[in-house]
Amino acid sequence: MTTPDTLSARVRELLAAHPPATTARTAFLRARFDAGLAWVHYPEGLGGLGAPRSLQAAVDAELAAAGAPDNDPRRIGIGLGMAAPTILAHGTGEQEQRFLRPLWTGEEVWCQLFSEPGAGSDLAALGTRAVLDEAAGEWVVDGQKVWTSSAHTARWGILLARTDPGLPKHRGISFFVCDMHAPGVEVRPLRQITGEAEFNEVFLTGVRIPDAHRIGAVGRGWDVARTTLMNERVSIGGMRIPREGGMIGRLAEAWRERPALRTHAHHQRLLGLWVEAEVARLAAERLRQQLAAGQPGPEGSGMKLTFARLNQEISGLEVEFLGEDGLYYGDWEMTRPDTVDFTGRDAGYRYLRAKGNSIEGGTSEILLNIVAERVLGLPAEPRDDKDVPWKDLAR
């Protein structure tokens, strides 16, 4: 049985064998994975020890105190928060062995090839087509994806494609791992209101994917995707931050530094948002504790909803409070960043970038439906296309 003491001893062994000061970053991260200290709740041999998830924080703290490098989780968030739990839940042993280690060490970045120009909120209506070439044991994929974060840096993408247009939309989809460097994959930048191109559109033309890179059974891709989406919303809405961290911390900092700008009305709004942010932080902590006891549920949708609303309201108040200074924007140069940095940029950037929070990771409208139906138990909205073959749907 793994206990805090045995984990601490394992950490000391890792540090003794691979001193952070003299060990290359990637070599240290690989050794940490092999020692089962990457994500302790994963199975042995896959970066974990089958230990309670709650013990991970102590491992992270002890390694950080020793000056050990982390795996830059913001840069590889899609891999950590979406691809890895999906592969663990639905992948084969060979897929786990191939993908999880370089995913966790950050040697291979992942992206998510789900949304399409005609299938955003109604993701199950997607039209990207995958046809099996039985002789070659490969799927040939044609279609277009959009709003793909990290596609320009990714090695792999988790891909939803339609494998049977004769079935209703949810039942004719399969789930694949796509090589983003394969012939036929074209990534184009999408410039956002911030001036950056953090998102991309991806065109797939005759892309060949080995059947060994299919995750889950043919036609059961929607079931696999639900695992991905639930984990995505937990990873976005349930992030661990300290008290007065994140966006509310920058607003509180501006308030303290600019006493001449304070008004009673701003003070009342700041207090209300501070309390809401703290409630959301504590609720996220509870959500992580629930997650430690099982699989993510629809509660993550509620947390992601709150995350989006608070970010937009906090950044709006910050710009309003700062007045003319809040309108400054550091750099409109077209760049393709690896990460999103809300707290390290200026107020203008935060205000503009937060507009995307109610779209990415599931639109707020769709998440409200999930909360209404799966959390509150309200009747589902009528759906007259549920049993209609996808090829017969109006488009």
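Everything here concerns the structure above.
Being a predicted model, the structure only gives us computed values, none of them experimental.

Enquirer: So what about the overall build of the chain? Which residues, and what values?
Expert: A tally of helices and strands in the chain yields 11 helices and eight strands. Taking 395 residues into account, the globule formula puts the C-alpha radius of gyration at 21 Å, and the chain, at 22 Å, falls close to it. With respect to the three principal axes, the spread of C-alpha positions in the chain is 70 × 55 × 45 Å. Every one of the 395 residues in the chain was classed for burial, and the buried ones make up 48%.

Enquirer: Please set out the side chain of T105 residue by residue, giving values where relevant.
Expert: Structurally, T105 can be placed in helix α5 (residues 93–105). We classify T105 as buried; its relative accessible area is 2%. Reaching out from T105, the side chain makes a polar contact with the side chain of E107 at a distance of 2.7 Å. Here T105 is in contact with R25, L29, R30 and N71, once residues within four sequence places are set aside.

Enquirer: Break down the nonpolar core for me, with residues and values.
Expert: Core analysis: the biggest nonpolar cluster contains 54 residues, and W39 and W110 have the highest contact counts within it. Top element by residues in this core is helix α4 (residues 77–90). It accounts for six residues. Not counting chain neighbours up to four residues away, the residues in contact with W39 comprise F33, L46, G47, G48, Q56, L80, A84, L100, L103 and W104. Residues A254, A280, L310 and A347 belong to the second largest nonpolar core, which totals 18 residues.

Enquirer: Go over α4 with me, naming the residues and quoting the values.
Expert: A rise of 1.5 Å per residue sets the reference length of α4, with its 14 residues, at 20 Å; its end C-alpha atoms lie 19 Å apart and thus fit the reference within 8%. Across the 14 residues that make up α4, a large majority, 10, are buried.

Enquirer: Break down the pairing of strand β1 (residues 110–113) for me, citing the residues and quoting the values.
Expert: By the alternation rule, side chains of β1 split into W110 and Q112 and C111 and L113, which are all buried. Here β1 runs beside strand β4 (residues 156–162); their pairing, made up of four bridges, is parallel. Within β4, the position partnered with C111 by the bridge is G157.

Enquirer: Give me the lowdown on the packing of aromatic side chains, citing residues and values where you can.
Expert: Any pair of aromatic rings gets described here by the distance separating the centres and the angle formed by the planes. For the structure shown, the criterion picks out 10 aromatic pairs. Seen in terms of ring centroids, W147 and F199 are 6.1 Å apart; in terms of plane orientation they differ by 90 degrees. Their pairing is edge-to-face. Of the two residues, W147 is situated in the loop between β3 (138–146) and β4 and F199 in strand β7 (residues 199–210); the sequence distance between them amounts to 52 residues. For F199, a relative accessible area of 9% gives the class buried. Members of the aromatic cluster, connected to one another through ring pairs, are F33, W39, Y42 and W104. Its end group placed over the ring of F203, R188 keeps NZ or CZ at 4.0 Å from the ring centre.

Enquirer: Quick one: what's the story with the layout of surface pockets, residue by residue and with numbers?
Expert: A water-sized probe rolled over the atoms picks out the places where empty space is left. Roughly 190 Å³ of volume is contained in the second largest pocket. Around the second largest pocket, the lining is made up of 10 residues, and of these L287, E299, G302, M303 and V375 lie nearest the centre. The set of elements that each furnish at least two residues to the lining of the second largest pocket consists of α8 (264–292), α9 (299–322) and α11 (364–375). Across the lining of the second largest pocket, the residue classes break down as six nonpolar, two polar and two charged.

Enquirer: Give a detailed account of unusual backbone geometry, specifying residues and quantitative values.
Expert: Phi at D72 is positive, roughly 55 degrees, even though this residue is not glycine. Within the element layout of this structure, D72 appears in the loop between α3 (56–65) and α4. Judged by its relative accessible area of 30%, D72 falls in the partly exposed class. At W147, a position not held by glycine, the phi torsion is positive, near 60 degrees.

Enquirer: Talk me through the packing of α9 against α11; I want residue IDs and the actual numbers.
Expert: Two numbers describe how α9 lies on α11: the axes approach to 9 Å, and their chain directions differ by 145 degrees. Considering how the two elements wind past one another, α9 and α11 form a crossing that is left-handed. Touching S301, G302, K304, L305 and A308 of α9 are S364, L367, L368, I370 and V371, all from α11. Looking at the contact of α9 with α11, its residues break down into six nonpolar, three polar and one charged.

Cut-off values and rules
- Residues numbered from 1 in each chain as written.
- Predicted model: local features only at pLDDT ≥ 70, side-chain atom pairs only at ≥ 80, totals over all residues.
- Heavy atoms only, no water.
- Helix = DSSP H or I, 4+ residues; strand = E, 2+ residues; numbered from the N terminus.
- Rg over C-alpha atoms; globule rule 2.2 N^0.38 Å.
- Buried < 20%, exposed > 50% of the residue type's maximum accessible area, 1.4 Å probe, protein only.
- Polar contact = N/O pair within 3.5 Å; in protein donor to acceptor, adjacent residues only side chain to side chain.
- Contact = heavy atoms within 4.5 Å.
- Core = buried A, V, L, I, M, F, W, Y, C linked by side-chain atoms within 4.5 Å.
- Expected span 1.5 Å × (residues − 1).
- Pairing = 2+ DSSP bridges.
- Phe/Tyr/Trp six-rings, centres within 6.5 Å; stacked < 30°, edge-to-face > 60°.
- Lys NZ or Arg CZ within 6 Å of the ring centre and 35° of its normal.
- 1 Å grid on protein atoms, 1.4 Å probe; cavity = no way out; pocket = protein on both sides within 12 Å on 5 of 7 lines; lining within 4 Å.
- Points joined across faces, edges and corners; volume = space filled by probe spheres on them.
- Nonpolar A, V, L, I, M, F, W, Y, C, P; charged D, E, K, R; others polar.
- Axes fitted to C-alpha atoms, helices over the stretch in contact; angles between N-to-C directions.
- Left-handed = near helix turned anticlockwise from the far one by under 90°.

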